[in-house]
Amino acid sequence: MSSLMSSLPAFEEPRLSLSKAGGDGAFHEQPAAPDLTLLDEEQEWTAFSRPVAQQPGRWESNVMIEGMYCAACALTIEDAIQSVPGVRSVEVSAGSHRAKVVWESQAVSPSGWMRAVHKAGYRALPANDVFARERRLVESRKALWRMMVAGLCMMQVMMYAYPAYVAQPGDLTLEMEQLLRWASWVLSLPVIFFSCGPFFSGAWQDVLHRRVSMDLPVALGMLITFVVSSVGTFDPTGIFGHEVYFDSLTMFVFFLLAGRWLESRLRDRTAGALETLMNRLPDSVLRLMPDGQFERVAVRRLQVGDVVRVLPGEAFPADGVLLQGHTSVDEALLTGESRPLTRQVGDEVISGSHNLSAMVQMRIDRVGEQTRFAQIVNLMESASTSKPAMARLADVIAKPFLIGVLIAAGLSCAYWWQTDPERALMVAVSVLIVTCPCALSLATPAAMLSAAGALAKRGVLVRRLTAFESLAEVDTVLFDKTGTLTRDAMVVNQIHVRQGATRQQVLALAAALAQNSLHPLSKALVTAATLEDTLEHWRVVQTTEHAGQGVSAEVIPASGSESAIRLRLGSASFCGVTPANASTLQVHLSDEAGWLASFEFQEDIRQDAQDTVAALQRAGISVYLLSGDASDAAHRVAEKVGIGEVRGNCSPQDKLDFLREFQDQGHKVAVVGDGLNDGPVLAGAHVSFAFGQAVPLAQAQADFLVSGGRLTNVADALMLSRRTLTVVRQNLSWAAIYNAVCVPLAVFGLIPAWLAGLGMASSSLLVVVNALRLSKDAQFERKA
């Protein structure tokens, strides 16, 4: 992507023009006519698009939108893109400033709908544009300068305005009062022509395109205040000469710029985890050439079978296997594993994970859309552009609300004009400034993006933001057993030995026979012996595997000081043993004297399974276990993890019928499965979790994908969803109450312009700050 973007001269050396103001309150110096034709080459589409499954010729693109600020902007961009022939659907999120566009390659090219965005006064860029962060930093610095200029001028103007507020009649001569007004007028010029630039340019775009956004009423308020105060300065004996409002003007400009700048910084933090993950891949990597030399190439040019060198501090560019070297890797943002993991020759590494300690060489096995990293990014991009129902409602009312504000300002001005024309204009200014639909439109997406970012840091991917609403209402959780509450492997539970033998001796003998077998129970014996450090005590000199029965062999001590011992390891009949407990899974060991030991196995229950179930039950959630395994096996696992309601021998249809039975009773049900054989029940649940590393992310039906190994993430996600809905309701309540109270007060002339600016800036800022509480990377609170 970097090579593509660097080849676009329009992005590198733009011809400057005024354009829509950004959310950080800064001018966007955009190209008047950007050259986007290079994006029309099909080999470049994969950098920001992917083909839609089972729909040939249809592509889904994710782009960032620069220059948008409020929900009205999002609707304007959606209308502009949707009007292009060949575009099938579009979603623009005011919270993440991202758009998802589905388009037909036979009817339209990417440059076509991107130009439509530009004509609307905004700018569309590929979602993984490597220069996006740098541009944001530049814009943030400009916004900071504008805010600082407004703040400095505000303090000086307030100093000149102060005598007029405290002076008694006769204290100030007309000449001195006029001098103070002229000084305030001069100091207001930098505020109007520099600091207010983004608002005026945005309002001008609204006028040109016959639309309305937040910039239009704000710019009108600023312009009216400056014109009225300027007329009062130039003609102190006229109808507007009684009072000037330069102090109010500079104050609410400063408050608005400060609010926008802080809001943009906080918004970047709320979606920080999403963006950090999406931009983890390096731009280029060292690839081994046929002559044995290494050449740096773009990551998107890598192919399966290539050998690359990854230096310490770099991210692995694709999925593959280490061929040389030994290192530690960081997979925290991909799997939720917070500790560095050791990787050596023959181990798999995943794209997007970081090489921490040493230079290594790897063979590329999967690239592009086939990598797990690409599938994760696709899911997160889809989530960041999705709109919950409450956010859609806020977007729909944004434009009518702004139109209503303009009408209310005009009517209030007309009402007050009869008694005091100067006050009438300032009342209209207060109405224009105080209203804030931005808080309403940001209330839902800000909170949910914060929650999604916090879960992403823990290895939980959110497919749809709307799932938070459903998860918060869940009262019943259905768990699958194998691969969810248990791992895929078996473990040794108990060992029964012949009198005179010890546990360590028989485990070492059994592991010696089992270490060359691929059977799951053989692997469990080897693992147990490894943990007890007895694996190397015996050496096999002759072995024979009997299909379906077991293994026979001769073993000698590793020291070689004793004669060989003939052993058998396998079923009871193979070893000539009558099992004492036929209900458990057992493997037996016998020697020439007969039975030597019996090993009982059980499924490897996840260490945090019991804690997860207990946390859900404390939260008032009913927990059930559904399993396709035998009923006694399901009950044993349920008893160990604390689940009282169990059903075994369940087919996929049985699970689905059980789910529908609960839903018919009015329960809100979440299903947690391994994502492989639970497709129907996952798709039918109100909300679902696909658990485990083997989940095929691109095909999974789940709303939440738990890519890490911690089952407690399920309980954490449920608790976080409840907190998220609480924050959303708080935000919506605050936004509604603020507008319901402040607009009437402004209409009745009870709110001065400077206080209106402070209120508007604080309202949207409070919404974002409240949502930011959800993005803290800490242990989520659970109800005791």
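### Concerning the sheet that holds strand E14 (residues 360–366)
Here is step 1: Taken in spatial order, the 6 strands make up an open sheet running E7-E6-E8-E14-E9-E12, and their pairing is antiparallel. Looking at which strands have only one partner, the edges of the open sheet turn out to be strand E7 (294–298) and strand E12 (348–349).

### Topic: a negative patch on the surface
Here is step 1: Taken together, the side chains of Asp654, Asp657, Glu661 and Asp664 define an acidic patch exposed on the protein surface.
Here is step 2: The residue aspartate 657 is located in helix H23 (residues 652–664) in this model.

### Brief notes about the sheet that holds strand E11 (residues 341–343)
By definition, the strands of a sheet pair up through backbone hydrogen bonds, in either a parallel or an antiparallel sense.
Here is step 1: With antiparallel pairing, the 3 strands of this open sheet are ordered in space as E11-E10-E13. This sheet does not close on itself; its edge strands, each paired only once, are E11 and strand E13 (354–355).

### Regarding helix H21 (residues 609–618)
In an α-helix, one turn spans 3.6 residues; hence positions three or four apart end up facing the same way.
Here is step 1: Within the span of H21, buried status applies to Ala609, Thr612, Val613, Ala615 and Leu616. One face of H21 carries all of its buried residues, which in axial projection span an arc of 160°.
Here is step 2: Close packing links the buried residues of H21 with strand E16 (476–480), strand E22 (594–605), strand E23 (622–626), helix H22 (631–641) and helix H25 (712–747).
Here is step 3: A positive phi of about 85° marks glycine 620, the residue just after H21.

### A look at the nonpolar core
Here is step 1: Grouped together as the largest cluster of nonpolar side chains are 57 residues, with contacts concentrated most on Val218, Met222, Phe252, Val253, Leu256 and Val434.
Here is step 2: Ignoring anything within four residues of it in the chain, the contact list for phenylalanine 252 reads Gly221, Met222, Thr225, Val429, Ile433, Ala753, Trp754 and Gly757.
Here is step 3: Ranked by size, the runner-up nonpolar core spans 53 residues in total, among them Met448, Leu465, Leu625 and Met719.

### Details of the packing of helix H15 (residues 421–434) against helix H26 (residues 753–772)
Here is step 1: For the pair H15 and H26, the least separation of the axes is 8 Å and the interaxial angle reads 5°. Taken together, the axes of H15 and H26 lie roughly parallel to each other. In this structure, H15 contributes Met426, Val429, Ser430, Ile433 and Val434 to the contact, and H26 contributes Ala753, Ala756, Gly757 and Met760.
Here is step 2: Considering only residue class, the contact of H15 with H26 consists of 7 nonpolar, 2 polar and no charged.

### Focus: the environment of phenylalanine 574
Here is step 1: Mapped onto the secondary structure, phenylalanine 574 falls in helix H20 (residues 572–575).
Here is step 2: Ignoring any residue separated from it by four or fewer positions in sequence, one finds phenylalanine 574 in contact with His546, Gln549, Gly550, Val551, Ser552, Arg568 and Leu569.

### Focus: the side chain of aspartate 480
Here is step 1: Following the sequence through the fold, aspartate 480 ends up in strand E16.
Here is step 2: Relative accessible area serves as the criterion here: at 8%, aspartate 480 is assigned to the buried category.
Here is step 3: Separated by 3.1 Å, the side chains of aspartate 480 and lysine 655 make a polar contact.

### Here we look at the packing of H15 against H25
Here is step 1: Packing of H15 against H25 brings their axes to within 8 Å, and their N-to-C directions diverge by 170°. Of the possible angle classes, the one that applies to H15 and H25 is roughly antiparallel. Where H15 approaches H25, its residues Val427, Ser430, Val431 and Val434 are matched on the opposing element by Tyr738, Cys742, Val743, Ala746 and Val747.
Here is step 2: Of the residues that constitute the contact of H15 with H25, the class distribution is 8 nonpolar, 1 polar and no charged.

Parameters at a glance
For every chain, the first residue of the written sequence is number 1, and numbering continues from 1 along that sequence. Selection of residues for local features in this predicted model requires a pLDDT of at least 70, selection of side-chain atom pairs for listing and counting requires 80 or more, and totals for whole chains, interfaces and linings are taken over all residues. As a rule here, side-chain values come from all non-hydrogen atoms in the structure, and water together with hydrogens is ignored. We treat two strands as partners when DSSP finds at least two bridges between them. Each helix is a run of DSSP H or I of at least 4 residues and each strand a run of E of at least 2, with the numbering of both proceeding from the N terminus. Grouping into patches uses exposed residues only, defined as over 30% relative accessible area, and leaves out salt-bridged ones; the cut-off is 9 Å for like charges and 5 Å for nonpolar side chains (Val, Leu, Ile, Met, Phe, Trp, Tyr). Note on areas: Shrake-Rupley with a 1.4 Å probe; residue coverage comes only from the protein chains shown. Think of a salt bridge as a Lys or Arg side-chain nitrogen and an Asp or Glu carboxyl oxygen that are within 4 Å of each other. Note that His is not counted, nor are the chain ends; the positive residues are Lys and Arg, and the negative ones are Asp and Glu. Charge positions come from single atoms, namely NZ of Lys, CZ of Arg, CG of Asp or CD of Glu. Exposure classes here rest on a 1.4 Å probe applied to the protein chains alone. A residue is buried below 20% of its type maximum, exposed above 50%, and partly exposed in between. Throughout, the arc means the angular range of directions from the helix axis out to the C-beta atoms. The contact rule is simple, with two residues in contact once any of their heavy atoms fall within 4.5 Å. Nonpolar cores were defined as sets of buried Ala, Val, Leu, Ile, Met, Phe, Trp, Tyr and Cys residues, with membership established by side-chain atoms within 4.5 Å. To define axes, lines are fitted to C-alpha atoms, for helices over the stretch in contact only, and angles between the resulting N-to-C directions are given on a 0 to 180 degree scale. Every angle not falling under 35 degrees, over 145, or within 65 to 115 is termed oblique; those three ranges are roughly parallel, roughly antiparallel and roughly perpendicular. Note that Gly is not counted as nonpolar here; it falls among the polar residues with everything else outside the nonpolar set of Ala, Val, Leu, Ile, Met, Phe, Trp, Tyr, Cys and Pro and the charged set of Asp, Glu, Lys and Arg. N or O atoms within 3.5 Å of each other form a polar contact, as long as, within protein, one can give a hydrogen and the other can take it, and as long as residues adjacent in sequence are counted only when both atoms are side-chain atoms.

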